[in-house]
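Each chain is listed here by its residues.
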Amino acid sequence: ITKKWGEGIPVLATLGLEGEVSGSPAFRGIDIRFRYGPMAEVRASLRSHLQLLVTGRYRRPLISNFSTNWESQARTRWGITKNVALDFRLRRFWRPEAWEGDVGLFYYY
């Protein structure tokens, strides 16, 4: 579900349900995990080539005893040219036993 509002700075808000499959031989128990949950995102187009995104996700396990988690993310995308963009991302995983975070700079072409 997506809703758009705003004229000066267009804003899109999205709410959805998503799934995730991850696998690793280092997982305890089975090597594959299935998770699902709601996702919400707000995207503001500050300029035609500059966007700000804020996302939140909640994932719970499907058919397993693996933990649930929350993820929050803030991202800025700058389109340098028509085919080249840079992303700067701050992301944090909120898990019951610990938390993880990352800062990333991405180059798209």
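Conventions and cut-offs
- Within every chain, residues take consecutive numbers counted from 1 along the sequence as written.
- Note on the predicted model: pLDDT of at least 70 is required for a residue's local features to be given, and 80 or more for side-chain atom pairs to be given and counted; whole-chain, interface and lining totals, by contrast, use all residues.
- As a convention, hydrogens and water are excluded, and side-chain values are obtained from all of the structure's heavy atoms.
- The numbering of helices and of strands both runs from the N terminus, where a helix is a DSSP run of H or I of at least 4 residues and a strand a run of E of at least 2.
- A simple rule labels every residue: compare its accessible area, found with a 1.4 Å probe on the protein chains alone, to the largest value its type can have, and call it buried under 20%, exposed over 50%, or partly exposed in between.
- In what follows, a contact means two residues having at least one pair of non-hydrogen atoms within 4.5 Å.
- Throughout, the Shrake-Rupley method with a 1.4 Å probe supplies accessible areas, and for residues the shown protein chains are the sole cover considered.
- Salt bridge, as used here, is a side-chain nitrogen of Lys or Arg placed within 4 Å of a carboxyl oxygen of Asp or Glu.
- Two rings from Phe, Tyr or Trp (for Trp, the six-membered ring) form a pair when their centres are within 6.5 Å of each other. A pair whose planes differ by under 30 degrees is stacked, one over 60 is edge-to-face, and the rest are tilted.
- Two distance rules govern patches: like charges are joined within 9 Å, and nonpolar side chains (Val, Leu, Ile, Met, Phe, Trp, Tyr) within 5 Å, applied only to residues with over 30% relative accessible area and no salt bridge.
- What pLDDT conveys is the predictor's confidence in a given residue, as a value from 0 to 100.
- A pair of strands is considered paired only if DSSP assigns at least 2 bridges between the two.

J.: Summarise the overall build of the chain; cite the residues concerned and give the values.
T.: Looking only at helices and strands, the chain has 0 helices and 7 strands in total. When burial is assessed residue by residue, the chain has 25% of its 109 residues classed as buried. Across the chain, the fraction of contacts at a sequence separation of at least 24, relative to all contacts at a separation of at least 6, is 31%. Carbon together with sulfur atoms contributes 61% to the accessible area of the chain, which is approximately 7900 Å² in total.

J.: For the pattern of salt bridges, give the residues involved together with the corresponding values.
T.: Side chains that differ in charge, positive against negative, can pair when their charged atoms come close. Following the criterion strictly, the structure yields 9 salt bridges and no others. Of the charged contacts, one joins Glu20 and Arg35 as a salt bridge, the two residues approaching to 4.0 Å between their closest N and O atoms. Separated by 15 residues along the polypeptide, Glu20 in strand β2 (residues 11-23) and Arg35 in strand β3 (residues 32-47) bring together distant segments of the chain. Classification of Glu20 as partly exposed rests on a relative accessible area of 26%.

J.: Describe in detail the side chain of Thr55, supporting the description with residues and values.
T.: Within the secondary structure, Thr55 is located in strand β4 (residues 50-61). With relative accessibility at 6%, the residue Thr55 sits in the buried group. Not counting residues up to four positions away in its chain, the partners in contact with Thr55 are Met39, Ala40, Glu41, Glu71, Ser72 and Gln73.

J.: Would you mind going over the packing of aromatic side chains in detail, with residue names and values included?
T.: One pass over the full model with this rule turns up 1 aromatic pair. Arranged with centres 4.7 Å apart and planes meeting at 50 degrees, the rings of Tyr58 and Trp70 form a pair that is tilted. Here the residue Tyr58 occupies a position in strand β4, and Trp70 occupies one in strand β5 (residues 69-79), the gap between them amounting to 12 residues.

J.: Break down a nonpolar patch on the surface for me, citing the residues and quoting the values.
T.: A surface patch of nonpolar side chains, amounting to about 740 Å² of accessible area, comprises Leu17, Val21, Ile32, Phe34, Tyr36, Leu62 and Ile63. Contributions of two or more residues to the nonpolar patch are made by β2 and β3. Considering each element in turn, the nonpolar patch owes the most residues, 3 residues, to β3. Take Leu62: it is sitting in the loop between β4 and β5.

J.: Residues and numbers for the confidence of the model for the chain, please.
T.: Mean pLDDT for the chain: 82, with 83% of residues reaching 70 or above. Across the chain, the element-wise mean pLDDT spans from 70 in strand β7 (residues 99-108) up to 91 in β4.

J.: Requested: an account of the pairing of β4, with residues and values cited.
T.: With 10 bridges joining them, β3 and β4 adopt antiparallel strand pairing. In the strand pairing of β4, Val42 is matched with Val54. In textbook terms, the turn of a hairpin is the stretch between consecutive antiparallel strands, and for β3 and β4 this stretch comprises 2 residues.

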